[in-house]
Amino acid sequence: MPGSGRKWIDVPRAGARLALDFLLPMRCLSCDRRVGTEDGLCPVCWQKMQFIEKPWCYRLGIPFTYDVGEDAWSPRAIASPPVFDRLRSVAFYEGPARDLVLALKFSRRRELAGPMGRWMSRAGKEFLGEQSLILPVPLRWVRLLSRRFNQAADLAKVIAADCGGQYEPDLLRRRKRTRQQVGLSAKDRHRNVRSAFGIDKERESELQGRHVILIDDVMTTGSTVTACSKTVLAAGAASVNVITFAIADPSLRSADEAVKP
Ligand SMILES: [Zn+2]
């Protein structure tokens, strides 16, 4: 009986299985169908994911509808080049991708960092390597206490293990209290995160000449990853690239129309 929940009457016979189900709630996060893996989504929902694929803007990793060559920049990237080198994301923030992000963030389904991080490794493979210094975007400490873990750090750990890079969860830190970003205008978001990040003086040398990879679960306006990029570059990093699992900014849907003429 799909979708009818657990069958309590069969507990004695299926005791072991039921116990396992309590430990691993193996249901698809998007459609509630039972799944046999810890990947979070059933095969049908994985297929529904709107994966971001080439051809894309070299700088922002957002898709062109036509092939313009490997190194092409979108009008948006030309008009206002990002502080970081390149951004790569797995999917747009909708449907199953959104379900995965929210489940990792709020339901403490930490095992989802495995499959999500591996998809992020694929998205960033052109710049990931043993020389990479992999830094998660930090949570504000109050939120870190209340949620107990930083989902970006869990993702960064998986990505570092994949590419053999160095994982440093505490190098980049929050400096001051920032208000929740939700509900703020783009301008206020930028103001809100300005100088919100810092590197402890005694650890700045660890960034000298390094190739930094910033990791976050979702990019909304880009103000957070921009502020983090400025901070690590000012401390001496040689380059910064960014990988997020999802892009939530609707103006980044398409590289073709990112800037209106
Ligand atoms: Zn599903």
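A quick note: this is a predicted structure, and the numbers were derived from the prediction, not measured.

Caption draft 1: Spatial organisation of the overall build of the protein chain. Within the protein chain, the regular secondary structure consists of nine helices and seven strands. For the protein chain, the proportion of its 261 residues judged to be buried stands at 49%. If you take every contact in the protein chain between residues at least 6 apart in sequence, the share linking residues at least 24 apart comes to 71%. Accessible surface for the protein chain amounts to roughly 13700 Å². Of this, 52% is attributable to carbon and sulfur atoms.

Caption draft 2: The arrangement of the pairing of strand β7 (residues 239-247) in detail. With nine of nine residues buried, β7 is to be regarded as a mostly interior element. Pairing geometry for strand β6 (residues 211-219) and β7, over eight bridges, is parallel. Bridge pairing in β7 places Asp216 opposite Thr244. Between the parallel pair β6 and β7, the chain is carried across by helix α9 (residues 223-234), and the sense of this crossover is right-handed.

Caption draft 3: Here's a closer look at the packing of helix α5 (residues 113-123) against helix α7 (residues 151-163). Closest axis-to-axis distance for the α5/α7 pair is 8 Å, and the angle between their directions is 55°. The orientation of α5 with respect to α7, classified from their angle, is oblique. Two packed elements cross with a definite hand, and for α5 against α7 that hand is right-handed. Taking contact as the criterion, the partners of Ala113, Gly114, Met116, Gly117, Arg118, Met120 and Ser121 in α5 are, on α7, Asp154, Leu155, Val158, Ile159 and Asp162. Considered class by class, the residues forming the contact of α5 with α7 number six nonpolar, three polar and three charged.

Caption draft 4: Local environment of the coordination of the zinc ion. Around the zinc ion, the protein contributes the donor atoms Cys28 (SG), Cys31 (SG), Cys42 (SG) and Cys45 (SG), which lie 2.2 to 2.4 Å from the metal centre. Bound by four donor atoms, the zinc ion shows angles of 106 to 116° at the metal and therefore tetrahedral coordination geometry. Each donor residue of the zinc ion belongs to the same chain, and together they define the spacing C-x2-C-x10-C-x2-C. The exposure class of Cys42 is buried, given its relative accessible area of 1%. Residue Cys45 is classed as buried on the basis of its relative accessible area, which comes to 1%.

Caption draft 5: Geometry of the sheet that holds β6. Spatially, β1-β7-β6-β2-β3 is the arrangement adopted by the five strands of the open sheet, whose pairing is parallel. Edge positions in the sheet fall to β1 (87-92) and β3 (166-167), since each of these pairs with one other strand and no more. Here helix α4 (residues 95-106) sits on the sheet and contacts β1, β6 and β7; the angle it forms with β7, its principal contact strand, is near 105°.

Caption draft 6: Structural context of the confidence of the model for the protein chain. Confidence in the prediction for the protein chain averages 84 pLDDT; 79% of positions are at 70 or higher. In the model, residues 1-11 has pLDDT below 50 throughout and makes seven contacts with residues more than four positions away in sequence or in other chains.

Caption draft 7: Structural view of the side chain of Asn150. Counting through the fold element by element, Asn150 comes out in the loop between α6 (141-147) and α7. With a relative accessible area of 10%, Asn150 lands in the buried category.

Caption draft 8: Broad picture of α4. If you check α4, its first and last C-alpha atoms are 17 Å apart, about what twelve residues at 1.5 Å a residue would give, namely 16 Å. For α4, every residue scored as buried is listed here: Pro96, Ala97, Leu100, Val101, Ala103, Leu104 and Lys105. Taken from the residues just after α4, Arg108 is the one with a positive phi, measuring 60°.

Caption draft 9: The arrangement of α5 in detail. In terms of burial, α5 is largely enclosed, as eight of its eleven residues are buried. Among all positions of α5, only Ala113, Gly114, Pro115, Met116, Gly117, Met120, Ser121 and Ala123 are buried. Tucked inside the fold, the buried residues of α5 contact α2 (43-48), β1, α4, α7, β6 and β7.

Caption draft 10: How the structure looks around the environment of Val225. Position of Val225 among the secondary structure elements: in helix α9. Considering only alpha carbons, one finds Val225 and Val137, 88 residues apart in sequence, at a separation of 7.5 Å.

Caption draft 11: Molecular detail of the packing of aromatic side chains. One pass over the full model with this rule turns up three aromatic pairs. With a centroid separation of 5.9 Å and 45° between ring planes, the pair formed by Phe64 and Tyr66 is classed as tilted. Three or more aromatic residues link up through ring pairs in this structure, and these residues are Trp46, Phe51 and Trp119. Stacked on the ring of Phe92, the Lys or Arg Arg253 has its end atom at 4.0 Å from the ring centre.

Calculation rules
Residues numbered from 1 in each chain as written. Predicted model: local features only at pLDDT ≥ 70, side-chain atom pairs only at ≥ 80, totals over all residues. Heavy atoms only, no water. Helix = DSSP H or I, 4+ residues; strand = E, 2+ residues; numbered from the N terminus. Buried < 20%, exposed > 50% of the residue type's maximum accessible area, 1.4 Å probe, protein only. Contact = heavy atoms within 4.5 Å. Areas by Shrake-Rupley, 256 points an atom, 1.4 Å probe, with all protein chains shown as cover. Pairing = 2+ DSSP bridges. Right-handed = clockwise from strand over helix to strand, strands pointing away. Axes fitted to C-alpha atoms, helices over the stretch in contact; angles between N-to-C directions. Parallel < 35°, antiparallel > 145°, perpendicular 65-115°, else oblique. Left-handed = near helix turned anticlockwise from the far one by under 90°. Nonpolar A, V, L, I, M, F, W, Y, C, P; charged D, E, K, R; others polar. Donors = N, O, S within 2.8 Å, 3.2 Å for Na, K, Ca; no water. Tetrahedral: all angles 85-135°; square planar, octahedral: opposite > 155°, others 65-115°. pLDDT = per-residue confidence, 0-100. Expected span 1.5 Å × (residues − 1). Phe/Tyr/Trp six-rings, centres within 6.5 Å; stacked < 30°, edge-to-face > 60°. Lys NZ or Arg CZ within 6 Å of the ring centre and 35° of its normal.

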